[in-house]
Amino acid sequence: MINITFPDGNVKQFESGVTPYQIAESISAGLARNILAANLNDEEWDISRPITSDGSIQFFKWEDPEGKHAFWHTSAHLLAEALQELYDGVQFGIGPAIENGFYYDIDPGENQLTSADFEKIEKKMAELVARKEAVVRRDISKADALKFFGDGGQQLKCELISELEDGHITTYTQGNFTDLCRGPHLPSTEPIKAVKVLSLAGAYWRGDEKRPQLVRVYGISFPKKKMLDEYLVMLEEAKKRDHRKIGKEMELFAFSQNVGAGLPLWLPKGAALRNRLQDFLAKIQKKYGYQQVVTPHIGNKMLYVTSGHYAKYGKDSFQPIHTPEEGEEYLLKPMNCPHHCEIYRTAPRSYKDLPLRFAEFGTVYRYEQSGELHGLTRVRCFCQDDAHLFCTPDQLKQEFLGVMDIISYIFSIFGFEYEAQISLRDPNHPEKYVGSDENWEKAERAIIEACEEKGLKARQETGEAAFYGPKLDFMVKDALGRRWQLGTIQVDYNLPERFGLEYTGADNLKHRPVMIHRAPFGSLERFIAVLLEHTAGKLPLWLVPDQCVVLPISEKYNDYARRVVSELNDLDVRATIDDRNEKIGRKIRDNELKRIPYLLIVGEKEEAAGEVSVRKQGEGDQGSKKITIFAADLKDEVARMTDFKV
RNA sequence: GCCGCAAUAGCUCAGUCGGUAGAGCAUUUCAUUCGUAACGAAAAGGUCGCGGGUUCGAGUCCCGCUCGCGGCUCCA
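Residues numbered from 1 in each chain as written. Chains lettered and ligands numbered in written order. Predicted model: local features only at pLDDT ≥ 70, side-chain atom pairs only at ≥ 80, totals over all residues. Heavy atoms only, no water.

## A short note on the state of the cysteines
Here the structure, examined in full by the defined rule, presents zero disulfides. Summary of cysteine pairing: Cys 158 is not part of a disulfide, and the nearest cysteine sulfur, belonging to Cys 181, is at 16 Å. A relative accessible area of 11% places Cys 158 in the buried class. Of the cysteine sulfurs around Cys 341, a residue in no disulfide, the closest is that of Cys 337, at 6.8 Å. Cys 341 sits in the buried class, given a relative accessible area of 0%. (Disulfide = S-S within 2.5 Å. Buried < 20%, exposed > 50% of the residue type's maximum accessible area, 1.4 Å probe, protein only.)

Listed below in structure tokens is the structure:
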């Protein structure tokens, strides 16, 4: 007999060899019906895998990420099984579960896969599910595994196996398909009731662009048909929130082939929106002791040779600008830090001057790879809400914490949920970084400690650091769940060294300041993109281009409507007019669809009383008010939203 | 940059077998002067992304480029 401990601390005895499924059955039939995966002593465990020693068990259902994970992982195998049945000579790479669904990377050999094949593949998968095949786990020796997959012509699998430790290799088999896999899996493919093959894409084998490119087949599956339908509807809805679509509808920004890829044109309403965001940030930063600076959009190439950026990115960037002068070269600035370092150097600095905080809404240019460009989230010209803080080593932590406060405050104003990520260097590839080990360790420790101090849960990723220092990034998801880095804070001991920055300490000796790079929005472009997707274009009242629109009932009241607009504008309310020769119902519909927060209807009654009839976006008629009262109420509402208590 | 897919009116899209282009919305004009989500009529609008090729003939087939979309890689 073995002792199984449950999450609530209860311990029950079972015969050795009992499976999680049987344990669940002993609790209730309902639980047994719903569990998809288990966890034994913190090890992922198939629900059909026998347990032969004491342990703590946890069950996972569809509602748990671990349950979905097993479900989709088995679905990936099912996809592979279908592909194996449909096409000869397919080689399989890897096929994991992902956040929403699963994929399988395959080398299709002679076969040509297109989206026209999706239906055929889905049908085959359903057919395989109907066979009710069990998914069977086997331990296998390295030699046997190599032979098995080698005989099957699965060279990619053999490469994976060759890197595994003998004695820890398992396979999972269903029907005629056997995959190298760690699991866990469902006991059979039977629960997979609804499958959708979503897309095809290229993906480099093992994520290495120097290796062959495979075909990645994406799919998703559900235990109920209805859930798939709901998911597909949700996807459609998400596409409607695409910032590229909304930005066009709201006349915020545009792209032109003639200007170039990845170079956004900001239209009047978009430009005004940017200005409001900048004012908002500048106001907060002023309270935190930042000083605004302005620097040129170009810089001498030597500036970037000094900073190290030229060696690292020079050949992949916009190439140097040549002047009439022989041998003189300038770069479009890809970042603001070197300029800010030069501002630091304009005067001798004392420890009494520090910290210095230079902020700039700095436009930078980066030649991003063509395939990377994506709406406003990845562009070749963007505006960083940048600042560089120069401080003594003693002040570092406090400064870092101050920046964290700004970022969390800003994200709370917009209601963004974010994930924090600490990006550390990859100790196996020191050649990718500049600076001493000692400085890197100091910087990495400072970030980790700051997060602990703030109680911020941050994922640590090695190899994600910038070449000159580690960073703390704030990631926010877009409408389709793709993660984008917005805010970033980076500790840098290296640029101060490269630029020979100094201050005089209390000891009258020269010291090296520490530098913090930080950008709460990251870039105005990306921030606006994510903001549009989060709000579906219904921007908060304080940011929205038009806060209200005046709708005259008929052309007879256009004059009064114009007086209302001008009075509101004088009161700093952003008001426009819809004086088209249309019926009021039509004007209401069109302006609701334009996402304008307040519609002000004016006719005979309003004109006589000097009032406007207020209709709130999505909420209907709110009754009528004096113009001045409406303006005051609106400004109160704005003040409540942007009550900048920092 | 790589793999795959697309590009037709301002927008969303149709266009069959290769025979010189069509709808809805938007726009303009006319009519109407209206009370809380689409009144009606008419007109105008296109070098079918660009360049080349095949063909008697190309929006349609082929090649190259550009731009865009989904991924991959990259992201100072």
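The structure having been displayed, the exposition proceeds.
## Considering the protein's contact with RNA strand B
The immediate surroundings of RNA strand B are formed by 54 residues, with Gln 213, Ser 370, Glu 372, Asn 581 and Arg 586 found nearest. When atoms of RNA strand B within 4 Å of the protein are split into backbone and base, the sugar-phosphate part holds 48%. Contact distances for RNA strand B include 3.2 Å between a base nitrogen and a side-chain N or O atom of Glu 592. Between RNA strand B and the protein, one listed contact pairs a base oxygen with a side-chain N or O atom of Ser 613 at 2.3 Å. Of the residues forming the surface near RNA strand B, the biggest block, seven residues, is contributed by helix α18 (residues 584–593). Here the surface near RNA strand B is composed, by residue class, of 17 nonpolar, 17 polar and 20 charged. (Near = heavy atom within 4 Å. Polar contact = N/O pair within 3.5 Å; in protein donor to acceptor, adjacent residues only side chain to side chain. Helix = DSSP H or I, 4+ residues; strand = E, 2+ residues; numbered from the N terminus. Nonpolar A, V, L, I, M, F, W, Y, C, P; charged D, E, K, R; others polar.)

## Remarks on the nonpolar core
Ile 410, Phe 414, Leu 472 and Leu 568 are the most contacted members of the largest nonpolar core, which totals 79 residues. Ranked by residue count, the leading element in this core is helix α13 (residues 396–414), at 11 residues. When we break this core down by domain, the ones giving at least three residues each are domain 3 (253–535) and domain 4 (548–641). Aside from chain neighbours lying at most four places away, what touches Ile 410 is Phe 280, Leu 281, Ile 284, Pro 520 and Phe 521. (Core = buried A, V, L, I, M, F, W, Y, C linked by side-chain atoms within 4.5 Å. Domains from an automatic or database assignment. Contact = heavy atoms within 4.5 Å.)

## With respect to the sheet that holds strand β33 (residues 620–626)
In space, the five strands of this open sheet follow the order β30-β29-β31-β32-β33, with mixed pairing throughout. The open sheet has two edge strands, β30 (575–577) and β33, and neither has a second partner. Averaged over all pairs of adjacent strands, the angle between strand axes in this sheet comes to 30°, irrespective of strand direction. Pairing between strand β29 (residues 548–552) and β30: three bridges, direction parallel. Within the sheet, the bridge partner assigned to Cys 548 lies in β30 and is Ala 575. Along the sheet, α18 contacts β29, β31 (598–602) and β32 (611–616); its crossing angle with β29, the most-contacted strand, is approximately 165°. (Pairing = 2+ DSSP bridges. Axes fitted to C-alpha atoms, helices over the stretch in contact; angles between N-to-C directions.)

## Here's the deal with the side chain of Glu 606
Within the element layout of this structure, Glu 606 appears in helix α19 (residues 604–609). For the buried residue Glu 606, which engages in no salt bridge, the nearest side chain bearing the opposite charge is Lys 605, 5.2 Å off. The contacts of Glu 606, once residues within four sequence positions are left out, are Tyr 560, Ile 601, Glu 611, Val 612 and Ser 613. (Lys, Arg positive; Asp, Glu negative; His and termini not counted. Salt bridge = Lys/Arg side-chain N within 4 Å of Asp/Glu carboxyl O.)

## Here we look at the sheet that holds strand β9 (residues 136–139)
Each strand in a sheet pairs with another by means of backbone hydrogen bonds, the pair being arranged parallel or else antiparallel. Read across the open sheet, the three strands follow the order β9-β10-β11; overall the sheet is antiparallel. Two strands in the sheet have a free side with no partner beyond their single neighbour: β9 and β11 (177–180). Neighbour-to-neighbour, the strand axes of the sheet open up by a mean angle of 25°, direction not taken into account. Relative to β11, strand β10 (residues 170–174) runs antiparallel, the two being bridged by four bridges.

## Side note on the packing of helix α5 (residues 142–151) against helix α6 (residues 155–162)
How two helices pack is summed up by the angle between their axes together with the distance between the axes. Between α5 and α6, the least distance of the axes is 8 Å, while the angle of their chain directions is 165°. It follows that α5 is roughly antiparallel to α6 by the angle criterion. Crossing of α5 over α6 shows left-handed handedness. Residue-level inspection shows Lys 142, Ala 145, Leu 146, Phe 149 and Gly 150 of α5 in contact with α6, the latter providing Gln 155, Lys 157, Cys 158, Ile 161 and Ser 162. (Parallel < 35°, antiparallel > 145°, perpendicular 65-115°, else oblique. Left-handed = near helix turned anticlockwise from the far one by under 90°.)

## A closer look at the pairing of strand β1 (residues 2–5)
Two faces belong to every sheet, and in a regular strand the side chains alternate between them. Of the two faces of β1, only the one carrying Ile 2 and Ile 4 is buried; Asn 3 and Thr 5 on the other face are not. Here β1 runs beside strand β2 (residues 11–14); their pairing, made up of four bridges, is antiparallel. Looking at the pairing, Asn 3 lines up with Gln 13 of β2. Here β1 folds back onto β2 in antiparallel fashion, the turn holding five residues, of which Gly 9 has a positive phi close to 95°. One ladder, built from two bridges, connects β1 with strand β5 (residues 55–61); its direction is parallel. When the sheet's bridge partners are listed, Thr 5 is paired in β5 with Ser 56.

## So, the packing of aromatic side chains
Per the stated rule, a full pass over the model turns up 30 aromatic pairs. Their ring planes at 80° and their centres at 5.4 Å tell us that Phe 92 and Tyr 104 sit as a pair that is edge-to-face. Here the residue Phe 92 occupies a position in strand β6 (residues 91–92), and Tyr 104 occupies one in strand β8 (residues 101–107), the gap between them amounting to 12 residues. The exposure class of Tyr 104 is buried, given its relative accessible area of 0%. Seen from their ring centres, Tyr 598 and Phe 630 are 5.5 Å apart, and the 85° between their planes marks the pair as edge-to-face. Of this pair, Tyr 598 sits in strand β31 while Phe 630 sits in helix α20 (residues 627–641), placing them 32 residues apart in sequence. The class of Phe 630 is buried, set by a relative accessible area of 2%. Members of the aromatic cluster, connected to one another through ring pairs, are Phe 280, Phe 411, Phe 414, Phe 416, Tyr 418, Phe 474, Phe 521, Phe 527 and Trp 542. In this structure, Arg 206 is placed above the aromatic ring of Trp 205, and the distance from its NZ or CZ to the ring centre is 5.6 Å. (Phe/Tyr/Trp six-rings, centres within 6.5 Å; stacked < 30°, edge-to-face > 60°. Lys NZ or Arg CZ within 6 Å of the ring centre and 35° of its normal.)

## Thoughts on the environment of Glu 607
The topology assignment puts Glu 607 in helix α19. Put simply, Glu 607 and Ala 561 are 46 residues apart on the chain and 8.5 Å apart in space, counted from C-alpha to C-alpha. Each residue touching Glu 607, except ones within four places of it in the same chain, is listed here: Tyr 557, Tyr 560 and Arg 563.

## With respect to the pattern of salt bridges
Tallying each qualifying case throughout the model produces 52 salt bridges. A salt bridge links Asp 478 to Arg 482; the shortest N-O distance between them is 2.9 Å. By relative accessible area, Arg 482 is classed as partly exposed at 31%. Salt-bridge contacts for Asp 590 lead to Arg 580; the nearest nitrogen and oxygen are separated by 2.9 Å. Within this pair, whereas Asp 590 is found in helix α18, its partner Arg 580 is found in the loop between β30 and α18, the two being separated by 10 residues in sequence. Overlapping salt bridges bring together Glu 99, Glu 419, Arg 459, Glu 461, Lys 477 and Arg 483 as one network.

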